[in-house]
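Each chain is listed here by its residues.
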Amino acid sequence: MSDKKVIRLRRARRSRLKQRELEAVRLCVYRSSQHMYAQVISADGAKVLASASTLDASLRSGGSTGNIEAAKKVGLLVAERAKAAGVTQVSFDRSGFKYHGRVKALADAAREGGLEF
């Protein structure tokens, strides 16, 4: 593994330990160069309550999947699905990524969709 990835995973592990202490339902985000993924995971980490990604058929038809607009769509979709599952309060797990660009756009869109961080 590259040093950059190791450092990111170390940051992610630190934040996840804190979220586990708080026993919070978490909105976990992963980004690759081409896609964005978001999952709402139960407090014990055993079950995925809702998920959305740019791989969903409704989002793929809209053009590019690796930009800020696509991240906003994923944020709105995961918020809608989480509310349908009965979840409104989540802890934001950015998986060690900087809170900037696509990660920030997804978080802002999820807030607009009705999730509270």
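Residues numbered from 1 in each chain as written. Predicted model: local features only at pLDDT ≥ 70, side-chain atom pairs only at ≥ 80, totals over all residues. Heavy atoms only, no water.

Draft legend 1. Highlighting the side chain of T54. Mapped onto the secondary structure, T54 falls in the loop between strand 3 (48-53) and helix 2 (57-60). With relative accessibility at 1%, the residue T54 sits in the buried group. Here the side chain of T54 touches H35 through a polar contact of 2.7 Å, side chain to side chain. When sequence neighbours within four positions are dropped, the list of residues in contact with T54 reads Q34, H35, M36, L59, R60, T65, A70 and V74. (Helix = DSSP H or I, 4+ residues; strand = E, 2+ residues; numbered from the N terminus. Buried < 20%, exposed > 50% of the residue type's maximum accessible area, 1.4 Å probe, protein only. Polar contact = N/O pair within 3.5 Å; in protein donor to acceptor, adjacent residues only side chain to side chain. Contact = heavy atoms within 4.5 Å.)

Draft legend 2. View of a positive patch on the surface. A cluster of basic side chains, namely K4, R10, R11, R13, R14, R31, R94 and K98, defines a positive patch on the protein surface. Looking at the secondary structure, you find R11 in helix 1 (residues 3-22). We classify R11 as partly exposed; its relative accessible area is 31%. (Patch = residues over 30% accessible without salt bridge, like charges linked within 9 Å, V, L, I, M, F, W, Y side chains within 5 Å. Areas by Shrake-Rupley, 256 points an atom, 1.4 Å probe, with all protein chains shown as cover. Salt bridge = Lys/Arg side-chain N within 4 Å of Asp/Glu carboxyl O. Lys, Arg positive; Asp, Glu negative; His and termini not counted. Charge placed at Lys NZ, Arg CZ, Asp CG, Glu CD.)

Draft legend 3. How the structure looks around the nonpolar core. One finds L27, V40, V74, F92, L106 and L115 to be the most contacted residues of the largest nonpolar core, which totals 24 residues. Secondary structure elements with two or more residues in this core: strand 1 (26-31), strand 2 (36-41), strand 3, helix 3 (68-84) and helix 4 (102-112). A per-element tally of this core places helix 3 first, with 6 residues. Not counting chain neighbours up to four residues away, the residues in contact with L115 comprise L27, A79, A82, V87, T88, V90 and A110. (Core = buried A, V, L, I, M, F, W, Y, C linked by side-chain atoms within 4.5 Å.)

Draft legend 4. Expanded view of the pairing of strand 2. Here 6 bridges tie strand 1 to strand 2, and the two strands are oriented antiparallel to one another. Directly across from C28, in strand 2, lies its bridge partner Q39. Here strand 2 folds back onto strand 3, and the loop between the two strands holds 6 residues, one of which, G45, carries a positive phi near 80°. (Pairing = 2+ DSSP bridges.)

Draft legend 5. Main features of the packing of aromatic side chains. Using the criterion set out here, one finds 4 aromatic pairs in the structure. Arranged with centres 5.2 Å apart and planes meeting at 10°, the rings of F92 and F117 form a pair that is stacked. With F92 in strand 4 (residues 91-93) and F117 in the segment after helix 4, this pair connects stretches of sequence that are 25 residues apart. For F92, a relative accessible area of 16% puts it in the buried group. Taken together through their ring pairs, the aromatic side chains of Y30, Y37 and F97 make up a single cluster. (Phe/Tyr/Trp six-rings, centres within 6.5 Å; stacked < 30°, edge-to-face > 60°.)

Draft legend 6. Looking closely at the environment of L49. Topologically, L49 is positioned in strand 3. Residues L49 and L27, 22 residues apart in the sequence, show an inter-C-alpha distance of 9.9 Å. Each residue touching L49, except ones within four places of it in the same chain, is listed here: V25, V40, I41, S42, A85 and V87.

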